[in-house]
Amino acid sequence: MYSEKVMEHFSNPRNVGEIEDADGIGEVGNPTCGDMMTIYIKVNDGKLTDVKFKTFGCAAAIATSSMMTEIAKGKTIEEALEISRDDVAESLDGLPPAKLHCSNLAADGLHAAIEDYLNKSKSN
Ligand code: FES
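Quick notes on the rules
Residues numbered from 1 in each chain as written. Predicted model: local features only at pLDDT ≥ 70, side-chain atom pairs only at ≥ 80, totals over all residues. Heavy atoms only, no water. Pairing = 2+ DSSP bridges. Helix = DSSP H or I, 4+ residues; strand = E, 2+ residues; numbered from the N terminus. Axes fitted to C-alpha atoms, helices over the stretch in contact; angles between N-to-C directions. Buried < 20%, exposed > 50% of the residue type's maximum accessible area, 1.4 Å probe, protein only. Lys, Arg positive; Asp, Glu negative; His and termini not counted. Salt bridge = Lys/Arg side-chain N within 4 Å of Asp/Glu carboxyl O. Contact = heavy atoms within 4.5 Å. pLDDT = per-residue confidence, 0-100.

Engineer: Account for the sheet that holds strand S2 (residues 36-44), naming residues and giving values.
Structural biologist: Here three strands make up an open sheet; going across it, the order is S1-S2-S3 and the pairing antiparallel. Each edge of the open sheet carries a strand with a single partner, namely strand S1 (24-29) and strand S3 (47-55). On average, each strand axis in the sheet is tilted by 20° relative to the strand beside it, whichever way the strands run. Judged from the six bridges that link them, S1 and S2 form a sheet pairing that is antiparallel.

Structure, rendered in C-alpha coordinates:
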(Lines give C-alpha, C1' and ligand atoms only; values in the text may rest on other atoms or scores of the structure.)
Protein backbone atom coordinates (compact mmCIF):
# COMPACT_ATOMS: atom_id res chain seq x y z
CA MET A 1 0.00 0.00 0.00
CA TYR A 2 2.99 2.34 0.44
CA SER A 3 5.13 3.46 -2.50
CA GLU A 4 8.77 2.39 -2.64
CA LYS A 5 9.87 5.93 -1.84
CA VAL A 6 7.76 5.97 1.32
CA MET A 7 9.25 2.65 2.40
CA GLU A 8 12.75 3.86 1.64
CA HIS A 9 12.39 7.08 3.65
CA PHE A 10 10.70 5.20 6.48
CA SER A 11 13.50 2.62 6.67
CA ASN A 12 16.24 5.19 6.30
CA PRO A 13 14.90 8.56 7.48
CA ARG A 14 17.03 11.65 6.77
CA ASN A 15 17.69 14.42 9.27
CA VAL A 16 16.22 12.85 12.37
CA GLY A 17 17.04 14.59 15.63
CA GLU A 18 17.23 17.95 17.25
CA ILE A 19 19.16 21.13 16.42
CA GLU A 20 20.37 22.41 19.79
CA ASP A 21 20.78 26.05 18.79
CA ALA A 22 17.85 26.08 16.36
CA ASP A 23 16.69 29.45 14.99
CA GLY A 24 13.10 28.26 14.82
CA ILE A 25 11.13 25.37 16.34
CA GLY A 26 7.71 24.24 15.19
CA GLU A 27 5.55 21.87 17.18
CA VAL A 28 2.40 20.44 15.70
CA GLY A 29 0.01 17.67 16.62
CA ASN A 30 -2.25 15.56 14.49
CA PRO A 31 -5.79 15.80 15.89
CA THR A 32 -6.84 12.64 14.04
CA CYS A 33 -4.41 10.32 15.78
CA GLY A 34 -2.80 12.41 18.53
CA ASP A 35 0.73 12.04 17.12
CA MET A 36 3.23 14.87 17.57
CA MET A 37 5.95 16.37 15.43
CA THR A 38 8.73 18.85 16.19
CA ILE A 39 10.69 20.56 13.41
CA TYR A 40 13.95 22.45 13.99
CA ILE A 41 15.42 24.90 11.49
CA LYS A 42 18.69 26.75 11.19
CA VAL A 43 18.64 29.91 9.06
CA ASN A 44 21.56 31.71 7.48
CA ASP A 45 21.31 34.58 5.00
CA GLY A 46 17.59 33.96 4.57
CA LYS A 47 18.14 30.30 3.68
CA LEU A 48 17.39 27.10 5.55
CA THR A 49 20.83 25.66 6.12
CA ASP A 50 19.60 22.81 8.30
CA VAL A 51 16.26 21.14 8.99
CA LYS A 52 15.69 18.30 11.44
CA PHE A 53 12.67 16.55 12.91
CA LYS A 54 11.50 14.43 15.79
CA THR A 55 8.20 12.66 15.74
CA PHE A 56 6.02 10.24 17.62
CA GLY A 57 4.18 9.68 14.36
CA CYS A 58 3.49 6.64 12.22
CA ALA A 59 5.48 5.32 9.26
CA ALA A 60 3.83 7.81 6.88
CA ALA A 61 4.63 10.72 9.22
CA ILE A 62 8.27 9.65 9.43
CA ALA A 63 8.60 9.22 5.65
CA THR A 64 6.93 12.56 4.86
CA SER A 65 9.05 14.44 7.41
CA SER A 66 12.20 12.88 6.05
CA MET A 67 11.23 13.89 2.51
CA MET A 68 10.20 17.38 3.66
CA THR A 69 13.62 18.02 5.25
CA GLU A 70 15.27 17.13 1.96
CA ILE A 71 12.98 19.42 -0.03
CA ALA A 72 13.33 22.32 2.43
CA LYS A 73 17.09 22.33 2.96
CA GLY A 74 18.82 25.06 0.98
CA LYS A 75 15.54 26.84 0.17
CA THR A 76 14.92 30.48 1.05
CA ILE A 77 12.33 31.27 3.73
CA GLU A 78 9.87 32.38 1.03
CA GLU A 79 10.34 29.18 -0.99
CA ALA A 80 10.06 27.00 2.10
CA LEU A 81 6.78 28.67 3.07
CA GLU A 82 5.40 27.58 -0.29
CA ILE A 83 6.10 23.89 0.31
CA SER A 84 2.59 22.48 0.64
CA ARG A 85 1.14 19.37 2.17
CA ASP A 86 0.52 18.07 -1.36
CA ASP A 87 4.10 18.72 -2.49
CA VAL A 88 5.39 16.46 0.25
CA ALA A 89 2.96 13.63 -0.51
CA GLU A 90 3.54 13.95 -4.27
CA SER A 91 7.30 13.74 -3.98
CA LEU A 92 6.83 10.39 -2.26
CA ASP A 93 4.71 9.16 -5.21
CA GLY A 94 1.55 9.57 -3.17
CA LEU A 95 0.22 8.14 0.06
CA PRO A 96 -2.74 5.87 0.75
CA PRO A 97 -5.81 8.12 1.24
CA ALA A 98 -6.19 7.02 4.85
CA LYS A 99 -2.65 8.24 5.52
CA LEU A 100 -2.81 11.63 3.84
CA HIS A 101 -3.55 13.37 7.14
CA CYS A 102 -0.19 12.11 8.42
CA SER A 103 1.66 13.98 5.70
CA ASN A 104 0.17 17.28 6.90
CA LEU A 105 2.37 17.22 9.97
CA ALA A 106 5.57 17.71 7.99
CA ALA A 107 4.53 20.82 6.02
CA ASP A 108 2.59 22.29 8.96
CA GLY A 109 5.56 21.73 11.29
CA LEU A 110 7.95 23.36 8.85
CA HIS A 111 5.68 26.39 8.50
CA ALA A 112 5.36 26.62 12.30
CA ALA A 113 9.15 26.55 12.67
CA ILE A 114 9.50 29.36 10.12
CA GLU A 115 6.81 31.42 11.91
CA ASP A 116 8.74 30.93 15.14
CA TYR A 117 11.94 32.09 13.45
CA LEU A 118 10.22 35.15 11.96
CA ASN A 119 8.65 36.09 15.31
CA LYS A 120 12.00 35.78 17.05
CA SER A 121 13.83 37.85 14.50
CA LYS A 122 11.16 40.58 14.73
CA SER A 123 11.63 40.92 18.48
CA ASN A 124 15.42 41.23 18.19
FE1 FES B 1 -0.56 9.62 13.35
FE2 FES B 1 0.07 8.97 10.94
S3 FES B 1 -1.29 7.91 12.22
S4 FES B 1 0.71 10.67 12.02
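Engineer: Any details on the side chain of Asp35? Residues and values, ideally.
Structural biologist: Inspection of the secondary structure puts Asp35 in the loop between S1 and S2. Of the side chains with opposite charge, Lys99 comes closest to the buried, unpaired Asp35, at an N-O distance of 6.8 Å. Excluding residues within four positions of it along the chain, Asp35 makes contact with Val28, Gly29, Asn30, Phe56, Gly57 and Cys58.

Engineer: Go over the confidence of the model for the chain, please, and point to the residues and values.
Structural biologist: Per-residue confidence for the chain averages 94 on the pLDDT scale, and 99% of its residues sit at or above 70. Mean pLDDT values for the elements of the chain range from 92 in helix H4 (residues 85-91) up to 98 in helix H3 (residues 77-81).

Engineer: Account for the pairing of S3, naming residues and giving values.
Structural biologist: Pairing between S2 and S3: eight bridges, direction antiparallel. In the sheet register, Lys42 faces S3, and the bridge partner there is Asp50. Between S2 and S3, which pair antiparallel in sequence order, lie two residues; one of them, Asp45, sits at a positive phi of approximately 55°.

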